[in-house]
Amino acid sequence: MSPAACDGLGASPLRLASALTQPRRGALNWIEAGGRSVVYTHQGRNAIALFCRMAGLRPGDQVLAPAYNCGAEIDPFVKAGARVVLYDVDRRLEIDVDRIVAALSPATRILYVTHFFGFPQPLGELAAACGKQGVLLMEDCAQALYSVSGDKPAGLAGDAAVFSFVKTLPVPDGGALLADRRFGPPRQPEKQPPAAATGRACLPLVKRWLVNSASSSPLHRLAGSVALRHSRASTAASDGRRRPPMLSSNRYVEARTAWTMSRVARAILAAADGAEVARARRRNFQFLLEALRSVPGFEPALPALPEGVSPMAFPFFGSSRSYWYSQLTAKGILVQGWPGYYPGLDWDACPGACFLKDELLTLPVHQGLTEAHMQYIADAVRAAAKLAPAGSAC
Ligand SMILES: Cc1ncc(COP(=O)(O)O)c(C=O)c1O
């Protein structure tokens, strides 16, 4: 039987309940941290805020950050009083190393680089330039958990790195900061998040589990179709306005910096098999690359899958973003993007990233999806392509 839906990564109530009953173990071994301090946080954005404190970021310090962002990684810098200056990202999600090096100045305190969709950015030259000029290099690995760059896990090339486990694993919360030991012994946030907050964050995981398994029984199908209605309403899509503001849920809330990750999240992270997760994600990404290689009006943004990448999603351009969004979500396929703009930044200077915000969408490739799900997605893309309006995005 073919699947009826392909939502984000979910978790069954049983899996979540059994994670709750796991005894809290000592060190987690999700990464070879290469001698760095590891701090566990409630969310990735809190890890960024912690690093701002550890690094002694002062009001007015400049942070150079990629203009292709969701806002959650920008907000902690702004709230720390930094002056965020954007650099552009092109439609292949590549950064211009020479331009970034030229933009470093005595005012620059942190250069922030994001490994989009798990594809590591080249950091050699940037790390050297930062080292020479006393600029801190911070890697955003929110989407690059289990990706490898060269022979090392992504996140070990700079002075610090931030992770967000919710992007890759079925956890209600959880982030981490990896920081060079020269920033001092880490102060681990100690507070467990309130049970109500963890419970609320578990609900979408259960919903997605129901949606993804919607074909397996009539009960699942019914629950899945109800859940999908909510999912469609909340999935990120531009509402047609020019440069709509970022989602308010992407704001950084300072009070949560005292929270660590929940026990449920910790147990799921401890039990996760990173190599297996990466293998399944690569298999699903490769499936779409091959199945959708020459579909008219549909263009993969990342047309190859280099060794070592654990892909977060499958980014693409369609001839009309709103057409593709509505066609695919109508079939229960999770389609996402970052259409929202952080207010008050110089977006006109970054046309490449604006293009990505306005045009790029993603298909899911997570480890919870089977070959039947991927076939269903590929068929839905081919069907949508047949009726797609002509447009300029690809
Ligand atoms: C690229 C990137 N960096 C950082 C973050 C922050 O992660 P979190 O949502 O765990 O705070 C996000 C997501 O919100 C993200 O997409």
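Residues numbered from 1 in each chain as written. Predicted model: local features only at pLDDT ≥ 70, side-chain atom pairs only at ≥ 80, totals over all residues. Heavy atoms only, no water.

Student: Whenever I open this one, the site of the ligand confuses me. Can you help?
Tutor: Taken together, Gln43, Gly44, Arg45, Cys70, Ala72, Glu73, Thr114, Asp140, Ala142, Ser164, Lys167 and Trp338 make up all the residues around the ligand. Side-chain polar atom of Ser164 to an oxygen atom of the ligand: 2.7 Å apart, as the coordinates give it. The side chain of Lys167 places a nitrogen or oxygen atom 3.3 Å from an oxygen atom of the ligand. When its residues are assigned to classes, the shell around the ligand shows 4 nonpolar, 4 polar and 4 charged. (Near = heavy atom within 4 Å. Polar contact = N/O pair within 3.5 Å; in protein donor to acceptor, adjacent residues only side chain to side chain. Nonpolar A, V, L, I, M, F, W, Y, C, P; charged D, E, K, R; others polar.)

Student: Explain the side chain of Glu73 here, please?
Tutor: When you line up the elements, Glu73 lands in the loop between strand 2 (62-66) and helix 3 (75-79). No salt bridge is formed by the buried Glu73; the nearest opposite charge belongs to Lys357, separated by 7.6 Å. A polar side-chain atom of Glu73 sits 2.9 Å from the main-chain amide nitrogen of Gly71. When neighbours within four sequence positions are excluded, Glu73 is seen to be in contact with Ile48, Tyr112, Asp140 and Trp338. (Helix = DSSP H or I, 4+ residues; strand = E, 2+ residues; numbered from the N terminus. Buried < 20%, exposed > 50% of the residue type's maximum accessible area, 1.4 Å probe, protein only. Lys, Arg positive; Asp, Glu negative; His and termini not counted. Salt bridge = Lys/Arg side-chain N within 4 Å of Asp/Glu carboxyl O. Contact = heavy atoms within 4.5 Å.)

Student: Help me understand the domain arrangement of the chain, please; the structure alone is not making it clear to me.
Tutor: A common measure of how large an interface is: the accessible area buried when the components associate. Structurally, the chain comprises domain 1 (22-183) and domain 2 (197-233 + 273-387). For domain 1 and domain 2, the distance between their C-alpha centroids amounts to 24 Å. Contacts between the two partners involve 35 residues from domain 1 and, on the opposite side, 43 residues from domain 2. Carbon and sulfur atoms supply 67% of the area that domain 1 and domain 2 bury against each other, a total of about 3100 Å² over both sides. Summed over the shared surface of domain 1 and domain 2, the number is 2 salt bridges. As a salt-bridge pair, Arg91 and Glu299 come within 3.2 Å of each other at their nearest N and O atoms. (Domains from an automatic or database assignment. Buried area = accessible area lost by both parts, 1.4 Å probe.)

Student: How should I be thinking about the sheet that holds strand 8 (residues 160-164) in this particular structure?
Tutor: Hydrogen bonds along the backbone pair up the strands of a sheet, which may run parallel or antiparallel. The strand order across the open sheet built from 7 strands is 1-9-8-5-4-2-3, with neighbouring strands paired in mixed fashion. The sheet is open, and its two edges are formed by strand 1 (37-41) and strand 3 (83-87), each paired on a single side. Between one strand axis and the next, the sheet turns by 20 degrees as a mean value, whatever way the strands run. Bridge count between strand 5 (residues 136-140) and strand 8: 3 bridges; the pairing is parallel. The residue of strand 8 that forms the bridge with Asp140 is Val162. (Pairing = 2+ DSSP bridges. Axes fitted to C-alpha atoms, helices over the stretch in contact; angles between N-to-C directions.)

Student: For this particular structure, what's the right way to read helix 12 (residues 371-387)?
Tutor: Because an α-helix packs 3.6 residues into every turn, residues spaced three or four apart end up facing the same way. Under the 1.5 Å per step criterion, the end-to-end length of helix 12 is 25 Å for 17 residues, consistent within 8% with the ideal 24 Å. Every buried residue of helix 12 is listed here: His373, Met374, Tyr376, Ile377, Ala378, Ala380, Val381, Ala384 and Ala385. Summarising the contacts, the buried residues of helix 12 are in contact with helix 6 (195-212), helix 9 (274-291), strand 10 (298-300), helix 10 (321-330) and strand 12 (360-364). (Expected span 1.5 Å × (residues − 1).)

Student: I tried to follow the packing of helix 1 (residues 13-20) against helix 8 (residues 263-271) on my own but got confused; where do I start?
Tutor: Each pair of packed helices can be summarised by the angle the axes make with each other and by the distance between the axes. With their axes 8 Å apart at the nearest point, helix 1 and helix 8 run at an angle of 100 degrees to one another. When the interaxial angle is binned, helix 1 and helix 8 end up roughly perpendicular. Counted together, Arg15, Leu16, Ala19 and Leu20 of helix 1 and Arg263, Val264, Ala267 and Ile268 of helix 8 form the full contact between these two elements. Classifying every residue of the contact of helix 1 with helix 8 gives 6 nonpolar, no polar and 2 charged. (Parallel < 35°, antiparallel > 145°, perpendicular 65-115°, else oblique.)

Student: Where do I start with the pairing of strand 1 in this structure?
Tutor: Every other side chain in a regular strand lies on the same face of the sheet, so the side chains alternate between the two faces. When you tally the buried positions in strand 1, you get 5 out of 5 residues, the bulk of the element. Here strand 1 shows two buried faces, one formed by Ser37, Val39 and Thr41 and the other by Val38 and Tyr40. Pairing of strand 1 with strand 9 (residues 175-179), which is carried by 5 bridges, proceeds in the antiparallel orientation. Looking across to strand 9, one finds that Val38 is bridged to Leu178.

Student: Is there a simple way to think about the pattern of salt bridges in this case?
Tutor: A side chain of one charge can pair with a side chain of the opposite charge when the charged atoms of the two come close. Applying the stated criterion across every chain, the model contains 11 salt bridges. Measuring nitrogen to oxygen at the nearest pair gives 2.8 Å for the salt bridge that ties Asp159 to Arg182. In this pair, Asp159 is assigned in the loop between strand 7 (152-153) and strand 8 and Arg182 in the loop between strand 9 and helix 6, connecting sequence segments 23 residues apart. For Asp159, a relative accessible area of 14% puts it in the buried group. Arg182 sits in the exposed class, given a relative accessible area of 52%. Each member of the salt-bridge network shares a partner with another, and the members are Asp75, Lys79 and Arg251.

Student: Would you take a moment to explain helix 8 for this structure?
Tutor: Along helix 8, the positions that sit buried rather than exposed are Val264, Ala265, Arg266, Ala267, Ile268 and Leu269. Its buried side turned inward, helix 8 meets helix 1, strand 1 and helix 6.

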